[in-house]
Amino acid sequence: MRHVQPDLWETDVESPFAGLTVHAYLLTRDEGNVLFYNTGHRHEIDRMAELGGVAYQYPSHRDELGATLETIHQRFGAKLGGHRAELDDFARYRTPEILFERREMHLGNVEVIPTPGHSPGSTCFLVHSPHGKRYLFTGDTLYRGEQGDWRAGFIPGHNDEKDREQLAESLRLLRELEPDVVFGSAFLGDTGFQEMPPGDWPGHVDSALERLLG
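Numbers given for residues are sequential positions, taken from 1 along each chain in its written order. Per-residue local features are limited, in this predicted model, to residues with pLDDT of at least 70; the limit for side-chain atom pairs, both in listing and counting, is 80 or more; totals at the level of whole chains, interfaces and linings are taken over all residues. Calculated side-chain values reflect all of the structure's heavy atoms, with hydrogen atoms and water omitted.

Re the overall build of the protein chain
Here's step 1: The number of helices and strands found in the protein chain is five helices and 18 strands.
Here's step 2: The atom set for the radius of gyration is the C-alpha atoms, and the globule formula is 2.2 Å times the number of residues raised to the power 0.38. Over its C-alpha trace the protein chain gives a radius of gyration of 16 Å, about what one expects of a compact globule, namely 17 Å for 214 residues.
Here's step 3: Long-range contacts, defined as pairs at least 24 residues apart, comprise 53% of the intrachain contacts of the protein chain with a sequence gap of at least 6.
Here's step 4: Areas reported as accessible are Shrake-Rupley estimates using a 1.4 Å probe. Residue values count occlusion only from the protein chains shown. A total accessible area of about 9,600 Å² is found for the protein chain, and carbon and sulfur atoms account for 47% of it.
Here's step 5: All tallies of charge rest on Lys and Arg as positive and Asp and Glu as negative; His and the ends of each chain are not included. The atom standing in for a charge is NZ when the residue is Lys, CZ when it is Arg, CG when it is Asp and CD when it is Glu. Once the 21 positive and 35 negative side-chain charges of the protein chain are each reduced to a mean point, those two points are 2 Å apart. Numbering goes from the N terminus for both helices and strands, where a helix is a DSSP run of H or I of at least four residues and a strand is a run of E of at least two. What makes two residues a contact is simply this: any of their non-hydrogen atoms within 4.5 Å.

So, in structure tokens, the structure goes:
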């Protein structure tokens, strides 16, 4: 695992599909560590044990689900969070103890922000770190492209026009946030996250919206 912020660790890269790469992120907290997204790397799960385990796991949507949800639960007793709209997808692997369907605060400093469009239950998470930064986990709602641009997670042939409209509304919601660092799940370039200088984020979202709606 790579230490990317004072309280945040990035797992080794995985490539579930050709041309697609992903990371998961472990947020270390005195109140219990939180794993965002998911990993299939067993050696990274061993490393999580050294960092205090996993008290909570929050995948951003159904594409991140897999057998290691149960592995992580069995090893650490991790409670699983998921959007109610994708409960059947989760249940194929493990039923979440924590269900959500609206914007709300969890665990004291994790803001849950449903952002449908890429999938019905796609959700972003805004973490208010005690180290002074705001971390935005966008899942596949927004992902980083090969040139470092941020793109909407609209897949022709998989998503339809209703999804496009929902995704545009979700991006408009995310545009109003002020993250200091943004962490996608899937990415195409050399890294899946980016530091955001003050005032830069709305421009990235506007570019993604223009590409989505153009």
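There's more to say after this.
Considering helix α5 (residues 201-213)
Here's step 1: By definition here, a helix of n residues has an expected span of 1.5 Å times n minus one. Spanning 13 residues, α5 covers 18 Å between terminal C-alpha atoms, matching the ideal 18 Å at 1.5 Å per step.
Here's step 2: Throughout, exposure labels follow a simple rule: accessible area from a 1.4 Å probe, protein chains only, divided by the maximum for the residue type, with under 20% read as buried, over 50% as exposed, and the rest as partly exposed. Three or more residues of α5 are buried, namely Trp201, His204, Val205, Ala208, Leu209 and Leu212. Seen end-on, α5 carries its buried residues on one side only, within an arc spanning 135 degrees. Away from its buried face by more than 90 degrees, α5 exposes Glu210 and Arg211.
Here's step 3: Residues of α5 that are buried make contact with β13 (134-139), β14 (142-144), β15 (150-152), α4 (161-175), β16 (181-184) and β18 (193-195). Think of it as the arc spanned by the lines of direction from the helix axis to the C-beta atoms.

Regarding the pairing of strand β1 (residues 2-5)
Here's step 1: Of the strand pairs in this sheet, β1 and strand β2 (residues 8-10) are connected by three bridges, and their pairing is antiparallel. Among the inter-strand pairings, Arg2 is bridged to a residue of β2, identified as Glu10.
Here's step 2: Where β1 folds back on β2, the antiparallel hairpin that results is connected by two residues. Think of it this way: DSSP has to see at least two bridges between two strands before they count as a pair.

A word on the sheet that holds β1
Here's step 1: Pairing is mixed across the open sheet formed by seven strands, whose spatial order is β1-β2-β5-β6-β7-β8-β9. A single partner strand is all that each edge strand has here, and the edge strands are β1 and β9 (98-100). Sheet twist, expressed as the average angle between the axes of neighbouring strands with direction ignored, equals 25 degrees.
Here's step 2: The pairing of strand β8 (residues 79-83) with β9 spans three bridges and is classified as parallel. Note that in β9 the partner of His83 across the bridge is Phe100. To get an axis, fit a line to the C-alpha atoms, keeping to the stretch in contact for a helix; angles then go from 0 to 180 degrees between the N-to-C directions.

Focus: α4
Here's step 1: Helix length check: α4, at 15 residues, gives a terminal C-alpha distance of 21 Å against a target of 21 Å (1.5 Å per residue), a fit within 8%.
Here's step 2: Among all positions of α4, only Asp163, Leu167, Ala168, Ser170, Leu171 and Leu174 are buried. The buried residues of α4 occupy an angular sector of 165 degrees when the element is viewed end-on, so they sit on one face. Away from its buried face, by an angle of more than 90 degrees, α4 presents the exposed residues Lys162, Glu165 and Glu169.
Here's step 3: Lining the buried residues of α4 we find β12 (123-128), β14, β15 and α5.
Here's step 4: For this analysis, a polar contact is any N or O atom pair within 3.5 Å, provided that within protein one partner can donate a hydrogen and the other can accept it, and provided that sequence-adjacent residues contribute only side-chain to side-chain pairs. Where α4 begins, the capping side chain belongs to Asp160, and its oxygen is found 3.1 Å from the backbone nitrogen of Lys162.

A look at unusual backbone geometry
Here's step 1: The backbone of Tyr37 shows a phi angle near 75 degrees, a positive value even though the residue is not glycine.
Here's step 2: Structurally, Tyr37 can be placed in the loop between β6 (34-36) and α1 (42-50).

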